[in-house]
2 protein chains.
Amino acid sequence: MTQDLFKEKWAIYEQHISQKGLKSTRQRDVIVEEFFGEHEHLTVEELWQRVRKIDSKIGYATVYRTLKLLSESGLAHKRQFGEAQARFEHATDHHHDHLICMSCHQIIEFENDEIETLQERVCKKHKFQLVHHKMELYGYCEKCSAKKGRGI
Amino acid sequence: MTQDLFKEKWAIYEQHISQKGLKSTRQRDVIVEEFFGEHEHLTVEELWQRVRKIDSKIGYATVYRTLKLLSESGLAHKRQFGEAQARFEHATDHHHDHLICMSCHQIIEFENDEIETLQERVCKKHKFQLVHHKMELYGYCEKCSAKKGRGI
DNA sequence: GTTGATGCAAAGTATTTGCAGAGGG
DNA sequence: CCCTCTGCAAATACTTTGCATCAAC
């Protein structure tokens with residue numbers, strides 16, 4: 001993520017904090033910075049492992065609470081990709097869907113307007129009022145396909 | 001479901017049972033019959049409530065174990081529709097996706113080949129080997145839309 | 001100094017499992 | 001009879017919450 005985008009997100013986060021009369025704390029700053037700094041889809045566990053390296057005293061519950069806060073301020077989205085644990089992704093201004101590698105758990109984001117149009121058509125046909133949707137394609141990414149092909 | 005389809009599914013279930021050297025029991029028969037008999041997407045809790053009315057001694061764990069059995073024999077599919085509890089649907093010979101009413105939890109199944117084709121194209125573009133996918137459209141069904149419109 | 005935040009441990013959910021006794025084949 | 005199944009309760013996995021203490025503002 002660019003420095004500008006980082007600052008913009010940080011500003012939204014601080015605005016949300018002050019708007020709600022909440023406090024900025026050392027722990028929150030570490031967690032939010034680490035979350036923004038990575039362009040990945042982290043689980044709570046993974047994020048906790050990372051922040052612990054910066055401040056080993058940060059508790060599991062604080063990571064949960066901070067991610068909830070980020071979700072509420074619209075900066076993070078909770079996702080369930082068929083695993084037991086939820087993953088959190090950075091909010092983006094554009095809607096996107098996901099390719100999920102069943103081997104290395106890499107997540108690739110993609111957009112496809114044609115599919116979106118067809119989805120709307122399906123809803124119309126069923127007189128269904130669409131609010132949001134979820135499309136997840138599960139399989140093997142290029143790297144993992146190759147590994148499997150070589151019998152690894 | 002038609003009587004023929006019911007018998008066909010029952011036959012697959014019995015075949016799976018005997019193939020694996022498993023036993024047919026009173027409890028399993030009640031659970032499987034109740035599951036096949038409803039064309040819904042039930043949670044374990046909901047199915048348990050139904051079978052309890054037939055045999056109040058049937059335990060929660062047995063329902064879980066029987067649904068696992070049905071999943072293994074390919075007669076049921078476990079689904080997570082954004083709720084905490086999983087729902088189980090009848091296996092069908094055709095792939096389909098879902099419209100999920102956020103108000104009444106009704107689930108409408110639909111098929112759309114055009115979308116499937118586009119999905120494959122997305123995967124090709126990312127050199128991704130597709131295994132399966134999940135597309136869920138969340139919103140309000142015709143009935144619930146109308147209710148909301150009238151302010152109910 | 002208030003009031004919200006933290007860390008811990010305990011509680012909460014959904015699901016799975018160990019085990020002793022029951023019951024199919 | 002043997003071996004699987006059942007019901008119960010305990011265990012598990014992830015997440016949330018209560019509470020005493022701590023730290024922002």
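Throughout what follows, the structure given in this document is the object of discussion. In this text the structure is predicted, and so the values were computed from the model without any measurement.

1. Things to note about the pairing of strand S3 (residues 87–90) of chain A
All names here are of chain A. What you see with S3 is no split at all: Arg87 and Glu89 on one side and Phe88 and His90 on the other are buried throughout. Note: strand S1 (residues 42–43) against S3, 2 bridges, orientation antiparallel. Looking at S3, one finds that Leu42 is bridged to Phe88. In this structure, strand S2 (residues 76–79) lies alongside S3, joined through 4 bridges in antiparallel fashion. Looking across to S3, one finds that Ala76 is bridged to His90.

2. Focus: empty space enclosed by the protein
All names here are of chain B. Inspection of every chain in the model, using the stated rule, returns 1 cavity of 30 Å³ or more. One number sums up the size of the largest cavity: a volume of about 40 Å³. Taken together, Arg79, His96, Asp97, His98, His133, Lys134, Met135 and Glu136 form the lining of the largest cavity. Counting only elements with at least two residues in the lining of the largest cavity, the list comes to strand S4 (97–101) and strand S6 (129–140). Counting residues per element, the lining of the largest cavity draws most heavily on S6, which supplies 4 residues. Of the residues that constitute the lining of the largest cavity, the class distribution is 1 nonpolar, 3 polar and 4 charged.

3. Some points on the protein's contact with DNA strand C
Close to DNA strand C lie 21 residues, the nearest being Lys23, Thr25, Arg28 and Thr62 of chain A together with Tyr64 of chain B. Side-chain polar atom of Arg65 of chain B to a base oxygen of DNA strand C: 3.4 Å apart, as the coordinates give it. Contacts to DNA strand C include Ala86 of chain B, whose backbone N or O atom sits 2.9 Å from a phosphate oxygen. Of all elements in the fold, only helix H2 (26–37) and helix H4 (60–72) of chain A together with helix H4 (60–72) of chain B reach the threshold of two or more residues within the surface near DNA strand C. Tallied by class, the residues present in the surface near DNA strand C amount to 7 nonpolar, 7 polar and 7 charged.

4. Re the pattern of salt bridges
Within this structure, the stated rule accounts for 14 salt bridges over all chains. Between Lys20 of chain A and Glu72 of chain A there is a salt bridge; the shortest N-O distance is 3.8 Å. Highlighted residues: Lys20 of chain A in the loop between helix H1 (3–19) and H2 and Glu72 of chain A in helix H4, separated in sequence by 52 residues. Between Glu83 of chain B and Arg87 of chain B there is a salt bridge whose closest N-O contact spans 2.8 Å. One salt-bridge network, held together by shared partners, links Glu46, Glu83 and Arg87 of chain A.

Conventions we followed
Residues numbered from 1 in each chain as written. Chains lettered and ligands numbered in written order. Predicted model: local features only at pLDDT ≥ 70, side-chain atom pairs only at ≥ 80, totals over all residues. Heavy atoms only, no water. Buried < 20%, exposed > 50% of the residue type's maximum accessible area, 1.4 Å probe, protein only. Helix = DSSP H or I, 4+ residues; strand = E, 2+ residues; numbered from the N terminus. Pairing = 2+ DSSP bridges. 1 Å grid on protein atoms, 1.4 Å probe; cavity = no way out; pocket = protein on both sides within 12 Å on 5 of 7 lines; lining within 4 Å. Points joined across faces, edges and corners; volume = space filled by probe spheres on them. Nonpolar A, V, L, I, M, F, W, Y, C, P; charged D, E, K, R; others polar. Near = heavy atom within 4 Å. Polar contact = N/O pair within 3.5 Å; in protein donor to acceptor, adjacent residues only side chain to side chain. Salt bridge = Lys/Arg side-chain N within 4 Å of Asp/Glu carboxyl O.

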